[in-house]
Amino acid sequence: DTISFGTAMHGQLSNISDTDWYALDVETPGIINLSFESNLLGVTGSELGNSGWDMVANTFQVELWNTSSFNAGNGIPLVTEVVNGRDGVSFEVAATNPDDDYYVSIKARYDQPYYADDPYRLTASFTEFDNSIESEANDSTSTADIIIPGVSTTGKLSSISDRDFYKTFIKSSESLEIDLNILG
């Protein structure tokens, strides 16, 4: 299924080997935000007849993939989040290459002998990325501008006390090189 950004998809794992796949239609560089919720029935595990394990254990595994992570042959997703049946999770990832296809997989946690068949809700949103010029205020880590590797950003210090913060997303196996050109 293809997820429309801003629209919730509902699903349910049918057995421990089931993996639900969703495609994301990314056309420009930007930020993908995924929100996963479970326990939509609002019941406890004991009410479902299983002593409560599925509502407290980390039973879901939510992964974000792109074409590059498939084609690299290593089968490593961009992000893997382990989620329990009560709290859900929300995370964001930079989609740096709009030529890649992006996918979300939802399955039982890889190292658990059980799964939760409680319905879940997956919502994806997308923020198009324009980092050609810094935004203000980006003077702290909480207001840092997001930069995409390989895309230039222009900034300006407006005073001697101005500080500009930036953040980016890379895999732990990748390295980051920063080129700083001072003009004027």
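To be clear, the structure that these remarks concern was listed above.
K.L.:
How should the sheet that holds strand β1 (residues 2–3) be read in this particular structure?
P.N.:
Either a parallel or an antiparallel arrangement is found when strands of a sheet pair, and the pairing is made through backbone hydrogen bonds. With mixed pairing, 5 strands are arranged side by side in an open sheet as β1-β3-β8-β5-β6. Taken across any chain shown, the strands that pair with only one partner, and hence form the sheet edges, are β1 and β6 (79–83). Relative to strand β8 (residues 102–108), strand β5 (residues 60–66) is paired through 7 bridges, and the arrangement is antiparallel. Note that in β8 the partner of W65 across the bridge is Y103.

K.L.:
Got a minute to help me understand the side chain of S38 in this structure?
P.N.:
Among the structural elements, S38 can be located in the loop between β4 (30–37) and α1 (53–56). Within the structure, the side chain of S38 is placed 3.5 Å from the backbone oxygen of P119, a separation counted as a polar contact.

K.L.:
Looking at this structure, how should I read the nonpolar core?
P.N.:
It is characteristic of soluble globular proteins that their nonpolar side chains tend to be buried jointly. Among the nonpolar cores identified, the biggest contains 24 residues, and L24, V104 and I106 are the most heavily contacted of them. Looking at this core, the elements with two or more residues in it are β3 (19–24), β4, β5, β6, β7 (89–95), β8 and β9 (120–128). The element best represented in this core is β7, accounting for 4 residues. Here V104 is in contact with D20, W21, Y22, L24, L34, V62, E63, L64 and L122, once residues within four sequence places are set aside. One finds I31, A94, F129 and I148 within the second-largest nonpolar core, a separate group that totals 5 residues.

What counts and how
Residues numbered from 1 in each chain as written. Predicted model: local features only at pLDDT ≥ 70, side-chain atom pairs only at ≥ 80, totals over all residues. Heavy atoms only, no water. Pairing = 2+ DSSP bridges. Helix = DSSP H or I, 4+ residues; strand = E, 2+ residues; numbered from the N terminus. Polar contact = N/O pair within 3.5 Å; in protein donor to acceptor, adjacent residues only side chain to side chain. Core = buried A, V, L, I, M, F, W, Y, C linked by side-chain atoms within 4.5 Å. Buried < 20%, exposed > 50% of the residue type's maximum accessible area, 1.4 Å probe, protein only. Contact = heavy atoms within 4.5 Å.

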